[in-house]
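Residues per chain, in single letters:
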Amino acid sequence: MDFDSDFLKKFHNPENKKNHTEQNKKNIDTDKNKMLINEFNIDLGEHLLHPLPDKDYFISCYKKCFELIYGVREKKAKKFNEQNIKSLEDLSNDIKYSGFVKNLFKILDDGFHEIKKIFGRRFSSSHKMAFLLLSFFKKEDLLFLDIETMTLFPETQIITIGCGFFQNNNFKTIHLTALNEEGEYEILNEFKKLLETKKAFVTFNGKSFDVPFIDMRMSYYNIENNLNIYHNFDLLFFTKKAFKGLQKSFTLKEIDKNILKKYRKNDISGDDVFYYYNKYKITKNMNFLKPIINHNKEDILSIALLLHKLISVWCKN
Amino acid sequence: MKNIETLLNKLKKENFYKNQIKEIIKIPDKKPEFDTNINFSKNTLKYLKGLKIENLYIHQAEAIKYIRDGKNTVITTPTASGKTLIFNIAILEELEKNFGVKGLFIYPAKALANDQLNGLNQMKKLSGIEFTAGIYDGDTPSDKKKYLRENADIILTNPYELHQILSYHSKWKKFFKNLKYVVLDEAHRYRGIFGSNVAFVLRRLKRILKYYNSNPLFILSTASLANPLEFAEKLTGEKFICVENSGSPSGIKYLCLWDASQLPEKSVHTQTKDILLYTTKNSFQTLAFTTSRRLAELIRMWANKEEKNIEILSYRAGYEPSIRREIEKKLKEGIIKGLVSTNALELGIDIGQLDVIIISGYPGTISSFWQQAGRAGRKMQPSLIFFLPYEDAMQKYLIKNPEILLNKKFENAIISLENKNILSGHLLCSISELPAIDKNIFSDIDTSEILNIVIDKGLVKKTSHGFIYTGSERPQNIVSLDNAGGKNIKIKIDGKLLEEISITRAYREAHSGSIYLYNGETYFIKELDLNEGIAHAEKKDVDYFTEPLKNEEVKITNIIKSKKFKSFELFFGNVSVTEYYKGFKAKKYGEVIFYEDLQMPPLHFNTQSVWVKLDDEIKENIEKLKLDFDGALHAAEHALIALSPLFAMCDPNDLGGLSYPVYEDGSPFIFLYDAYEGGIGLSEKLYDIFYNLLSETIEMVKKCECESGCPSCVYAHNCGNNNNPIDKAGAVVLMEKMK
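Residues numbered from 1 in each chain as written. Chains lettered and ligands numbered in written order. Predicted model: local features only at pLDDT ≥ 70, side-chain atom pairs only at ≥ 80, totals over all residues. Heavy atoms only, no water.

### Quick look at the overall build of chain B
Helices and strands together make up the secondary structure of chain B, namely 25 helices and 29 strands. Seen through its principal axes, chain B has C-alpha atoms that stretch 75 × 75 × 55 Å. Split into buried and exposed, the 739 residues of chain B put 61% on the buried side. Looking at chain B alone, contacts between residues at least 24 apart form 73% of all its contacts between residues at least 6 apart. Separation between the mean location of the 98 positive side-chain charges and that of the 94 negative ones in chain B comes to 6 Å. (Helix = DSSP H or I, 4+ residues; strand = E, 2+ residues; numbered from the N terminus. Buried < 20%, exposed > 50% of the residue type's maximum accessible area, 1.4 Å probe, protein only. Contact = heavy atoms within 4.5 Å. Lys, Arg positive; Asp, Glu negative; His and termini not counted. Charge placed at Lys NZ, Arg CZ, Asp CG, Glu CD.)

Structure, rendered in C-alpha cells:
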C-alpha cells in the first residue's frame, strides 16, 4: 500500500523540517568527530574565595532547629524561644522531648546520610537546613551541572552537558557537545568520567530536569550509572524560599538580572538552542554551536554565583 | 417469587402497548458445573471461603490449570461468570510461592480499575497474603506513582498510561524484571483503531520486558467472539489456549423483542420510558441502557416528571466518581429501583444483578448487547430483557433474526498490524524507548520497510549503539491510541481543545454546520478550517443531528488476493479513495428538516478494500427480468455495508462502499473499504467471511416487509445519491445469483 508519510512530519520540530536529506548526507560523509569538548577557566573574582558553610555552623544550626522534633512546627519552635529554650540540649531533660532529642543527637553523630534522611522526612526541599548540608562537602566535591536538550522530554537527545567545578582554587567549566547522533553516547560517557571525583551536584531545577534527563539517556544506551547516590543541591527551591516575593518568575535569566545583577552578553534564549543546533547540523558550521555553549556557560556561571549569593544570605554567623 | 410472565401479560393491557412485542424468546436456565478436582493452598482456600465459594466453576478451574502450566490463556465466558477470580487466584498463588513477583492488570477504562482494586484488597484481607496493589494512571499523584513503581506487587493501569510510561522503563526496572502476569481484562474492547494501537503498545512493552529478561504470561478475558484465539494472538503476538465452556449458572431469561414502530406517535425513547416506569412500578428493579448521555438524562427526566412516587436516576461517564460509586452501591443494595444509563455501566463494574434490563438501541456489537443483557438475573431468578431497536437496517434485521443475537460467537474482533501509519508511530515510540539492534523491531512483524522510511526521513539513525530515535518531538505525545495517525483536526471551543480526530472523521462528523457528538453532548461546528486543522465548535443543545452526503471514487492500486466464485470474483487489496462531500442533511426524529451545501476539497486516502467483480451474465439475467441493474447493484452495496458490522464488530461509519455498474474494465463492481487511511483490517475479515455476509444480507433484504426499499433494508442514510437508483427486488435477485 502507498504510505502517506506526511504523518511522519509531526515527529520533527517545525525548525527541523528543512533539508533533512541533505543533513543526513553530510552526516554520513563528514562526521568523524562525535563530540566537542570546550573548557573555560572562569574568573569568579571575590566569589571564588567565599567559603562553603562549615561543619560547626551546621551543628549549631542543627542544635537550634526544634522543627526536627516530631510534632514541632514553626509556631511551636517560636514558643520554645520565647520560653528561653534556645537549643535541643535545653530539652534533654524534658519528659516529653528527651527521647526525641537523644535520637536527634544520635543522628548527628551518625553523619550525613542519616541527617539527610531525617531532613527528607521533616523539611521541604527549600529548607535552610537542607541547604546547610553543603557543610559536609568541600568546594572541590561539587559539580555544577546544566544541560541543553532538543526538547523537554528525555525521549529526545541531549545536545550539551555543561559542568562547572573548582580546581586548584580556580573555577572551570567543561561543555560536552554531541556533534552528531553518535555523539550523545560519547558525551554521556565523558560526563561519567567527570563525575568520578565529585560527590554532589549543584543545579537549578536539576532534581526535576537535568539529572533525571541524563539518567534516562544513560539508561537508553545501557550506560551503568549511579547518579542517585549524588546529593543534589537544587538551588531553585532555596532561591524561591530565600528571595520569596522578590520576583514572580524564577528563571536563571531573571535571577541574573534581579538578584545577581549579572548581565549576559550576546546570550541566546534557551528556546533558541534547538534552532542553532539544527543550523549546525545542516551546515556543519561550528560557529552555530558557539551560542549554545556560551548560553550553557552563562547558566553554569549563574548557578555558581547563585550558590555564593545564597551562602551570603543564609550563612551569616 | 416475582413472575415475569405475569408482568409481560399485564403489560399488554397498558395504554402504551400496541402489539410492539414481536417475539418473546425464553432462554432456558443453566445449572452450575463445578470442578471439584482442583487443589488450593490454605491461604487460597481461606480467600475462597471468605467469598463463600466452595467449588470453582469448570471454566475457572480449567483456566487456572492452564495458567499453572505456564500457558497464555484467553477466557471467553459470559458477563458475571467469575473471570476476575481467575486472575486473582493466579496472582495470589504466585505471590504465595515467590516473594517479589509482580502482576500488571490492564483495563480499558479507568472506572474498571477502581472496582478491581477493591477486589484485590479484599483478597489480601481474606487470604492473609501480604501484597501491595495500586492504580497507576493519569489521576495518580506523582509521589504515589513513585511508591507504586518501587513497592507494588500488582499494578492496575490502562493502555493510555502504559503508552506514556514505557520510555521511563529504567524506573520500572524492578517491577518489569519480576513481572509474572500481564492481565488484559475486557480485551474485546481492544479492537479497531484503538485495538490496533494497543497491539503495538503491548509489543513495545514486550520489547522492554525482553530487555529485562522478563517473559510474563498473558491472561486475557473477552466477551464471546467468533475468533478469540486469532484475536488474542494478534493483540499480543503470543500463542494462546482458549477457555470457553462456562460452568456458571444462569436463571431463565426472557428476551422480549419490541418493535417500537408499531406505535409511530411515540418514539423509541418515550416507549423506553414507558416500559421503565411500568416495570419499576411493579417492583422489578430495572436498568435501561441508552445510546447517549443526553438520552439517559432525557428519559430519566421524562420518567420523574410522569411518576413522582418512584425515583428514577441516571448514570453516565462525566458524573463525579463519588456520585457514581454511590449510585452503584445503592443499585447493588436494591435501594434504587430504576436507572437509566449509557454504556458506562456495561463494563464490569459490580452492581449486582437486576430483574429487568431494557436495551434501547442496539449498542453496536452483539458482545455489548450481551454485556448489557448480562446485568439481568439475580441468583438464578428469572429475568427479563427488552430490546428496542432503532430504525436502521441492521437493528431491524436483528429483531427479525434473533438467532443472530443468540449466537454469541458471531462477531470477529479485528485489529490490524498492517496499518503503516499506526506501525510507523509505534516503531518510533519503541526506538525512543530502547535503541534497536535489528531492523525487525517487533519479533512477529516485518518492520524493515518502515524502518528504512523513517531513516530516510531523518527520524532514526543507525549508530554503533543500534538504531536510535533522532526526531525532535516526543513520539509518545504524537501517537494517539484513538486514531490511525495521518492528518488530524482539533475540535476547539473558544480556543480550548475538546478532542482531536482524524481528518476522515472530521469530514464526516465535524464539517461546517454539523452537529458533533462528544460524550453524549451536542456541539455545533461553526467552521472547519482545513488549513489550520481546526474545527471551531460551540456547545449547543439541539434536537437534531446531521449526516453528510457524499460521492466517492475508488481506484484499485494493488490486488493482494482473490478467489473465484460461481458468478463473481472476490478481491482483497489496496485502493485509493476520493470522497466528495457535497452537502449534509439535518434530521429530527428520522425526518429530514433541512439540507445544506458544503464546499470542501475532495478527501483522498489510501486504504484496504474487499471488492466484487460480477460476471456480465448476472446483469443480463436481471435485465431480462425487467429489473433495474444499476438500482440492484446500488441496493446490494448498501445492504452489504449495513450488515458488515455484525461480522466485523465495527461502527457502520468505519466502512465505506461504492458500486460501479461499469468499472474501468467494463464489468460491474461493488467495493467495501475501510474508511481510514491505511485500513484497520475490516476489509480483510470481510473477504474471509464474504459468503456468510452475502447469505445474511440476502435474508435481511428478503425478510424486510417494505415494498421497494426502506432504511431497514437497502436505504443508506448517508448516500450521496439520495438512494437513487435503488431496486430492492433486483438486489435480492442479484445477490441470489451470486450464491
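After that view of the structure, there is still more to cover.
### A word on a negative patch on the surface
All names here are of chain B. The grouping of Asp 616, Glu 617, Glu 620, Glu 623, Asp 628 and Asp 630 at the surface amounts to a negative patch. Take the negative patch: its biggest share by element is four residues, from helix α21 (residues 616-624). Position of Asp 616 among the secondary structure elements: in helix α21. Classification of Asp 616 by relative accessible area gives partly exposed; the value is 43%. (Patch = residues over 30% accessible without salt bridge, like charges linked within 9 Å, V, L, I, M, F, W, Y side chains within 5 Å. Areas by Shrake-Rupley, 256 points an atom, 1.4 Å probe, with all protein chains shown as cover. Salt bridge = Lys/Arg side-chain N within 4 Å of Asp/Glu carboxyl O.)

### Section: the domain arrangement of chain A
A common way to state how big an interface is: give the accessible area lost once the parts meet. All names here are of chain A. When its domains are assigned, chain A resolves into domain 1 (33-51 + 137-314) and domain 2 (55-126). Summed over the three residues of domain 1 that lose the most area to domain 2, namely His 231, Phe 237 and Trp 314, the buried surface amounts to 52% of that side. On the surface where domain 1 and domain 2 come into contact, there are zero salt bridges. Element by element, the count of residues in the side of domain 1 that touches domain 2 is highest for helix α9 (residues 235-242), at three residues. For the side of domain 1 that touches domain 2, the class distribution of residues is four nonpolar, one polar and two charged. (Domains from an automatic or database assignment. Buried area = accessible area lost by both parts, 1.4 Å probe. Nonpolar A, V, L, I, M, F, W, Y, C, P; charged D, E, K, R; others polar.)

### Some details on the interface of chain A and chain B
With 34 residues of chain A at the interface, the matching set in chain B holds 51 residues. Carbon and sulfur atoms supply 58% of the area that chain A and chain B bury against each other, a total of about 3800 Å² over both sides. The tally of links from chain A across to chain B stands at two salt bridges. Residue Glu181(A) is joined to Lys461(B) by a salt bridge in which the shortest nitrogen-to-oxygen separation is 4.0 Å. One can count 10 residue pairs in polar contact (both at pLDDT 80 or more) joining chain A with chain B. Listed by contribution, the elements that provide at least two residues to the side of chain A that touches chain B are α1 (20-30), α7 (183-195) and α8 (210-220) of chain A. Sort the elements by how many residues they give to the side of chain A that touches chain B and α1(A) lands first, with four residues. Here the side of chain A that touches chain B is built from residues that sort into 15 nonpolar, 12 polar and seven charged. (Polar contact = N/O pair within 3.5 Å; in protein donor to acceptor, adjacent residues only side chain to side chain.)

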